[in-house]
Amino acid sequence: MKTKIFLVMLVVGAFCAVQPAQAHHAFAAEYDLTKPVTLNGIVTRMEWANPHGWIYLDTKEPNGAVKHWMIETAAPSQLSRHGLKKADFTDGMTAVVKGYQGKTDPGLANGRTLVLKDGRNFYIGSVGGPNDGAEPQ
Amino acid sequence: MPSIVPAFAWLEGLAWTTALRESPFGYPLIETSHVACIVVFAGLVIMMDLRLVGLAFTHAPLAQIQRRLFPWQMATFVPSTATGILLFCVDPLRYYRNVLFLAKLVFLALAGLNALAFHLKTYRRVEGWDEDPQVTAIARLAGVASLLLWSLTIVSSRLIPNNWFK
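What follows covers the packing of helix 6 (residues 99-120) of chain B against helix 7 (residues 137-159) of chain B. When two helices pack together, their arrangement is captured by the angle between the axes and the distance separating the axes. Residues and elements named next belong to chain B. At a minimum axis distance of 8 Å, the contact between helix 6 and helix 7 shows a crossing angle of 160 degrees. Considering their axes alone, helix 6 and helix 7 lie roughly antiparallel with respect to each other. The hand of the helix 6/helix 7 crossing is left-handed. Packed against helix 6, whose contacting residues are Leu-100, Ala-103, Lys-104, Phe-107, Leu-108, Leu-110, Ala-111, Asn-114 and Phe-118, the element helix 7 presents Ala-139, Ala-142, Ala-145, Ser-146, Leu-149, Trp-150, Leu-152, Thr-153, Ser-156, Ser-157 and Leu-159 at the interface.

Pasting the structure below:
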């Protein structure tokens, strides 16, 4: 009996090992902590959506070219908890987003904070992000 | 061949799918129920499979285990499927373009076919080997296939949010 239980545990353990322990799509798998970005631009679209929201932001490169960013935010429940509302977003408004750039996709970023034109500042980071002090205690 | 994309775009744009996608509590509630039902369902399926492969309950008649587990398997499979369909309707284009989601559907279909073949063919003749600690080879094979296919279904589902190969 003990051998059987051991065998079962071995099989279960093997399946667990397929996916090393990590939170729901790990921050470190997709975003680069060594590439913090401050994006000052125009919001072309905001997806207030589960399981993650997305801010589409256009910034100007030093050479004048427009760069399109796709910035991941926390889920609606978390954004609401930090005081943000869907109605705070209008297409074409300016905003400043701080976050981290994607590892393989240079137009992708993980948002940490958002500053609106009226000066209001919001935490927009997802659960499982880096402990960089952006999250209000 | 007409593309399915316009149909999925239409589904995504409906008032109720949009409301659910944007909801602070509805979506997490459905998502959590989906996972909770699967956890229980998988546990019940694994116990039946372990009896088939001869690793658990070998001294209990197979039919007795099947009779006791089956209603609970169905009671968790139905809500996990219903919540799964809801989650798909909320974001059909994202899942349609996610290769791991498509892989999950394939494994799910194969696991379903394996279960169907077992219940409609192999299990029909259970009287002959009901009390044997070691069941017939074809029944053992069904148990191994079930363990493998349900595991692959769950692992590929778990990898969907990683958004690989986009």
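Here the narrative resumes.
Let us look at the pattern of salt bridges. Residues and elements named next belong to chain A. Following the criterion strictly, the structure yields seven salt bridges over all chains and no others. Across the pair Asp-132 and Arg-112 runs a salt bridge whose closest N-O atoms are separated by 2.8 Å. Placement of Asp-132 in the segment after strand 6 (121-123) and of Arg-112 in strand 5 (residues 108-116) is noted, with a sequence separation of 20 residues between them. Relative accessible area serves as the criterion here: at 3%, Arg-112 is assigned to the buried category. Bridged by salt links that share partners, the residues Asp-88, Asp-118 and Arg-120 form one connected network.

With that out of the way, let us pick up the pairing of strand 3 (residues 66-73) of chain A. All names here are of chain A. Examined bridge by bridge, strand 2 (residues 53-60) and strand 3 share eight bridges and lie antiparallel to one another. Bridged to Tyr-56 within strand 3 is Met-70. Where strand 3 meets strand 5, three bridges bridge the pair, whose relative direction is parallel. The residue bridging Met-70 from the neighbouring strand is Leu-108, located in strand 5.

Further remarks concern the nonpolar core. Of all hydrophobic cores here, the largest spans 21 residues; its most connected members are A:Ile55, A:Ile71, A:Leu84, A:Phe89, A:Leu114 and A:Ile124. Elements supplying a minimum of two residues to this core: strand 1 (31-47), strand 2, strand 3, strand 4 (94-102) and strand 5 of chain A. With four residues, strand 1 of chain A is the single largest residue contributor to this core. Once you skip the residues sitting within four places of it in the chain, A:Ile55 turns out to touch A:Val43, A:Arg45, A:Met46, A:Trp69, A:Met70, A:Ile71, A:Thr73, A:Phe89, A:Leu114 and A:Ile124. Of all hydrophobic cores here, the second largest spans 14 residues; its members include B:Ile65, B:Leu69, B:Phe118 and B:Tyr123.

In this assembly, 19 residues from chain A lie in contact with 21 residues from chain B. Across the interface of chain A and chain B, roughly 1,700 Å² is buried in total on both sides, 56% from carbon and sulfur atoms. When contributions to the side of chain A that touches chain B are tallied by element, the ones reaching two or more residues are helix 1 (2-18) and helix 3 (76-81) of chain A. The leading source of residues in the side of chain A that touches chain B is helix 1 of chain A, at five residues. Each residue belonging to the side of chain A that touches chain B can be placed in one class, and the counts come to ten nonpolar, six polar and three charged.

This part takes up the packing of helix 3 (residues 26-53) of chain B against helix 4 (residues 62-90) of chain B. Residue and element names in this part refer to chain B. Taken N-terminus to C-terminus, the directions of helix 3 and helix 4 make an angle of 150 degrees; their axes are 8 Å apart at the nearest point. Relative to helix 4, the element helix 3 is oriented roughly antiparallel. Remark: the crossing between helix 3 and helix 4 carries left-handed chirality. Residues that form the contact of helix 3 with helix 4 fall into these classes: 20 nonpolar, eight polar and two charged.

All right, on to the packing of aromatic side chains then. All names here are of chain B. One pass over the structure, following the stated rule, counts ten aromatic pairs over all chains. Centre to centre, the rings of Phe-8 and Phe-88 are 5.4 Å apart; their planes meet at 80 degrees, and the pair counts as edge-to-face. Here Phe-88 lies in helix 4 and Phe-8 lies in helix 1 (residues 5-13), a separation of 80 residues in the sequence. The pair formed by Phe-8 and Phe-88 is uniform in burial state, with each residue classed as buried. A centroid spacing of 5.4 Å and a plane angle of 70 degrees characterise the contact between Phe-8 and Tyr-96, whose relative ring orientation is edge-to-face. With Phe-8 in helix 1 and Tyr-96 in helix 5 (residues 92-96), this pair connects stretches of sequence that are 88 residues apart.

Next up on the list: a nonpolar patch on the surface. A cluster of nonpolar side chains, B:Val106, B:Leu110, B:Leu113, B:Leu116 and B:Leu120, forms an exposed patch at the surface whose accessible area comes to about 470 Å². The class for B:Leu110 is partly exposed, based on a relative accessible area of 40%.

Put simply, A:Asn50 and A:Pro51 share a cis peptide bond, and its omega is -5 degrees. For B:Phe57, which is not glycine, the phi dihedral falls at a positive 55 degrees. Mapped onto the fold, B:Phe57 is located in the loop between helix 3 and helix 4.

Moving on, we come to the confidence of the model for chain B. Overall, the predicted model of chain B reaches an average pLDDT of 95, with 97% of residues at or above 70. Across the interfaces of the predicted complex, the ipTM metric reaches 0.78, alongside a pTM of 0.84.

Cut-off values and rules
- Residues numbered from 1 in each chain as written.
- Chains lettered and ligands numbered in written order.
- Predicted model: local features only at pLDDT ≥ 70, side-chain atom pairs only at ≥ 80, totals over all residues.
- Heavy atoms only, no water.
- Axes fitted to C-alpha atoms, helices over the stretch in contact; angles between N-to-C directions.
- Helix = DSSP H or I, 4+ residues; strand = E, 2+ residues; numbered from the N terminus.
- Parallel < 35°, antiparallel > 145°, perpendicular 65-115°, else oblique.
- Left-handed = near helix turned anticlockwise from the far one by under 90°.
- Contact = heavy atoms within 4.5 Å.
- Salt bridge = Lys/Arg side-chain N within 4 Å of Asp/Glu carboxyl O.
- Buried < 20%, exposed > 50% of the residue type's maximum accessible area, 1.4 Å probe, protein only.
- Pairing = 2+ DSSP bridges.
- Core = buried A, V, L, I, M, F, W, Y, C linked by side-chain atoms within 4.5 Å.
- Buried area = accessible area lost by both parts, 1.4 Å probe.
- Nonpolar A, V, L, I, M, F, W, Y, C, P; charged D, E, K, R; others polar.
- Phe/Tyr/Trp six-rings, centres within 6.5 Å; stacked < 30°, edge-to-face > 60°.
- Patch = residues over 30% accessible without salt bridge, like charges linked within 9 Å, V, L, I, M, F, W, Y side chains within 5 Å.
- Areas by Shrake-Rupley, 256 points an atom, 1.4 Å probe, with all protein chains shown as cover.
- pLDDT = per-residue confidence, 0-100.

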